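The primary structure of each chain is shown beneath.
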Amino acid sequence: MSDHMTPLTDTRDMICVHDLFRRALADAPGQVASVKDSDTDRAGKVASYLGEVLWFLHAHHSGEDELLY
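Keep in mind it's a predicted model, so treat the numbers as computed, not measured.

Student: Can you tell me about the side chain of Glu64, naming the residues and giving the values?
Tutor: Within the secondary structure layout, Glu64 lies in helix α2 (residues 40-68). Despite its burial, Glu64 pairs with no opposite charge; the closest candidate is Arg22, at 9.2 Å N-O. For Glu64, the residues in contact, after removing those within four places along its chain, are Met14 and His18.

So this is what it looks like as structure tokens:
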């Protein structure tokens, strides 16, 4: 056994971030459904927001993979 110990990664903050993603994605169907057919401005805002959530989800998991593996 080596006398050098690599410290473990502190993953406690991951719970908070994953909860954020769960909430944002659980809310998405209601946000989309609440947009009136003729409200293209609101549709664009909802689409932009959800696009950002998905971009951040991808960036987060890429960083998480590097950190953990």
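There is more to say, and it comes next.
Student: Let's hear about the pattern of salt bridges: which residues, and what values?
Tutor: As a working rule, side chains carrying opposite charge can pair if their charged atoms are close by. Enumeration over the complete set of coordinates arrives at 4 salt bridges. A salt bridge links Asp10 to Arg12; the nearest nitrogen and oxygen atoms lie 2.6 Å apart. Residue Asp10 is classed as partly exposed on the basis of its relative accessible area, which comes to 48%. Residues Asp19 and Arg22 are paired through a salt bridge, measuring 2.8 Å at the closest nitrogen-oxygen approach. Taken together, the residues Asp19 and Arg22, both in helix α1 (residues 12-33) and 3 residues apart, mark about one turn of the helix.

Conventions used here
Residues numbered from 1 in each chain as written. Predicted model: local features only at pLDDT ≥ 70, side-chain atom pairs only at ≥ 80, totals over all residues. Heavy atoms only, no water. Helix = DSSP H or I, 4+ residues; strand = E, 2+ residues; numbered from the N terminus. Buried < 20%, exposed > 50% of the residue type's maximum accessible area, 1.4 Å probe, protein only. Lys, Arg positive; Asp, Glu negative; His and termini not counted. Salt bridge = Lys/Arg side-chain N within 4 Å of Asp/Glu carboxyl O. Contact = heavy atoms within 4.5 Å.

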